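Below, each chain spelled out in residue letters.
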Amino acid sequence: VAWSDLHGDLGTPDARLALERSIEALLDGPRGRLHAIAHDLHPDFHSTLVALETAGRLGVPAVAVQHHHAHIAVTLAEAGHAPDEAVIGLALDGAGFGPDGTAWGGELLWVRGSQCRRLGHLEPLALPGGDAAAREPWRMAASVLHAAGRGDEIERRFAPSVGEQAARSVRIQLERQVNAPISTSAGRWFDAAAGALGLCVRQRHEAEAAQQLERLATQALAGMPADSLWARPRPVAAAPHAGPVSVALREAVLGLFDLPPDGAGAAAARFHLAMADALSQAVLDAAARHAVRRVALGGGCFFNALLAERIVGTLKAAGLEVLRPSPQGTGDSGLALGQAWVAAQRLACAPPNRRSFGCITVGVGACA
């Protein structure tokens, strides 16, 4: 495997040009015959457009791979997992394009090689202002209030920090469902919690609000007794469920409003606990339903040590084997490996005259 440089946000002309140069360098480098090009499922990404153009020019198939399937595939590829063995995947990140056209990001998956089925997800939240909601956590806190039937509180709570016009605009967007797409993103739920606590109004960099929330929770946990609830995972048992699961966190966020000044740290810890335990329960139920004993984790939210350690500890205590990605494979920078792994499995299932494994991926990372 040969890796290109990382190019960051492909929204700038320089980054796009750098990606295109990296692809040409990979194509010109030493390799066997190229048989396919893998890319993200999103139809409008510049990387997708480049992948389709390059595949057409070279006369090879372009293989679209859903973002969260690829996150789980990174973990499986790094672990040397047999592709014919099914796993339960838990993919948590900021956003990825789903086959239904919505933004996914808190996904419970059944994965076997190139096959991927959505078993559940975090409770969907509206993103008032679209992409602006990912930059301004208060918008996500307002979305939770609206979802709980408390939208009339939005202006009173947020106007002092963001202005009357902005707060009113968000309330109207949520009420009229205008410029407020739906997402199941775990990252946006962290933003909602940080916004409810007033930790961060506008993010200066990606995941700033979530990092502040984790830092606050970590400080609070350092002062808790060794036998606290955090140290004792809740007993969990499989529960029958016929269809896709929606993991609810609304009440956990609503409990973060109107806290006393000295209560924010413990509340941040409780939110981490609520998210980790709810997701762990969903994974255990899915593993029991599908007779699977191996779980693969993936996505940038697993950089959060509190969330990751709580989920891993709970699942292992229940007897499941847990696969975790490497630091490079946790975020989007390693996603190309997962795209290539899925594409290879898909090609392996093709008719014999099309069966091969030579593949490059075009995305946030690129490898050959």
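Residues numbered from 1 in each chain as written. Predicted model: local features only at pLDDT ≥ 70, side-chain atom pairs only at ≥ 80, totals over all residues. Heavy atoms only, no water.

Colleague: Report on the overall build of the chain, specifying residues and quantitative values.
Modeller: Scanning the chain for helices and strands turns up 14 helices and 11 strands. Here the chain, with 368 residues, has 53% of them falling under the buried criterion. Partitioning the intrachain contacts of the chain with sequence separation of at least 6 by distance along the chain shows that 74% fall at a separation of at least 24. When the accessible surface of the chain is summed, it comes to about 16,100 Å², and 53% of that surface belongs to carbon and sulfur atoms. (Helix = DSSP H or I, 4+ residues; strand = E, 2+ residues; numbered from the N terminus. Buried < 20%, exposed > 50% of the residue type's maximum accessible area, 1.4 Å probe, protein only. Contact = heavy atoms within 4.5 Å. Areas by Shrake-Rupley, 256 points an atom, 1.4 Å probe, with all protein chains shown as cover.)

Colleague: Which residues make up the pairing of strand β1 (residues 36-40), and what values do they have?
Modeller: A regular strand places its side chains so that they alternate between the two faces of the sheet. The element β1 is largely enclosed, with a buried count of five among its five residues. In this structure, β1 lies alongside strand β2 (residues 62-65), joined through four bridges in parallel fashion. Directly across from H39, in β2, lies its bridge partner A64. In this fold, the crossover linking β1 to β2 by way of helix α2 (residues 46-58) has right-handed handedness. (Pairing = 2+ DSSP bridges. Right-handed = clockwise from strand over helix to strand, strands pointing away.)

Colleague: Help me get a handle on the confidence of the model for the chain, residues and values and all.
Modeller: In this model, the chain carries an average pLDDT of 89, and 87% of its residues clear a pLDDT of 70 or more. Note on residues 353-357: pLDDT is under 50 here. Beyond four places in sequence and across chains, it has nine contacts. Scored below 50 in pLDDT, residues 364-368 makes 29 contacts in the model with residues more than four places away or belonging to other chains. (pLDDT = per-residue confidence, 0-100.)

Colleague: Can you explain the side chain of D93? Please cite residues and give values.
Modeller: For D93, the position within the fold is in strand β3 (residues 87-97). No salt bridge is formed by the buried D93. Its closest oppositely charged neighbour is R188, at 7.7 Å. Within polar-contact distance, the side chain of D93 engages the side chain of H68 at 2.8 Å. Every residue in contact with D93, bar those within four places of it in the chain, is listed here: H67, H68, H71, W104, G105, S185, A186, G187, G299, G300 and C301. (Lys, Arg positive; Asp, Glu negative; His and termini not counted. Salt bridge = Lys/Arg side-chain N within 4 Å of Asp/Glu carboxyl O. Polar contact = N/O pair within 3.5 Å; in protein donor to acceptor, adjacent residues only side chain to side chain.)

Colleague: Outline the nonpolar core, supporting the account with residue identities and numerical values.
Modeller: Grouped together as the largest cluster of nonpolar side chains are 70 residues, with contacts concentrated most on I88, L92, F158 and I311. The residues contacting L92, other than those within four sequence positions of it, are G105, G106, E107, A186, L279, G298, G299, G300, C301, F302, L307 and I311. Core analysis: the second largest hydrophobic core is formed by 19 residues, A36, A38, V111 and L347 among them. (Core = buried A, V, L, I, M, F, W, Y, C linked by side-chain atoms within 4.5 Å.)

Colleague: Can you break down the side chain of Q66 residue by residue, with the values?
Modeller: With respect to the helices, strands and loops of the structure, Q66 is situated in the loop between β2 and α3 (67-79). At a separation of 3.0 Å, a polar atom in the side chain of Q66 contacts the main-chain amide nitrogen of H69. Here F97 takes part through its backbone oxygen, which lies 3.0 Å from a polar atom of the side chain of Q66.

Colleague: How would you sum up the pattern of salt bridges? Please name residues and give values.
Modeller: Taken as a whole, this structure holds 19 salt bridges when the rule is applied. Among the ionic pairs, R202 bridges to E136, the shortest N-O distance being 3.7 Å. With a gap of 66 residues between them, R202 in the loop between α8 (186-196) and α9 (208-222) and E136 in the loop between α4 (132-135) and α5 (137-147) connect regions that are remote in the sequence. R202 sits in the partly exposed class, given a relative accessible area of 46%. Classification of E136 by relative accessible area gives buried; the value is 15%.

Colleague: I'd like a description of α9, backed by residues and values.
Modeller: Counted at 1.5 Å a residue, the expected span for α9 with its 15 residues is 21 Å, and the 21 Å between its end C-alpha atoms agrees. Burial in α9 covers these residues: E208, A209, A210, L213, E214, A217 and L221. Each element contacted by the buried residues of α9 is listed here: α5, α8, α11 (264-289) and α12 (305-317). (Expected span 1.5 Å × (residues − 1).)

Colleague: Explain unusual backbone geometry residue by residue, including any values.
Modeller: For Q177, which is not a glycine, the phi torsion comes out positive at approximately 55°. Note on placement: Q177 falls in the loop between α7 (164-176) and β7 (182-183). Of the residues examined, Q177 reaches a relative accessible area of 68% and is grouped as exposed. Within the chain, A207 stands out as a residue other than glycine whose phi angle is a positive 70°. By secondary structure assignment, the location of A207 is in the loop between α8 and α9.

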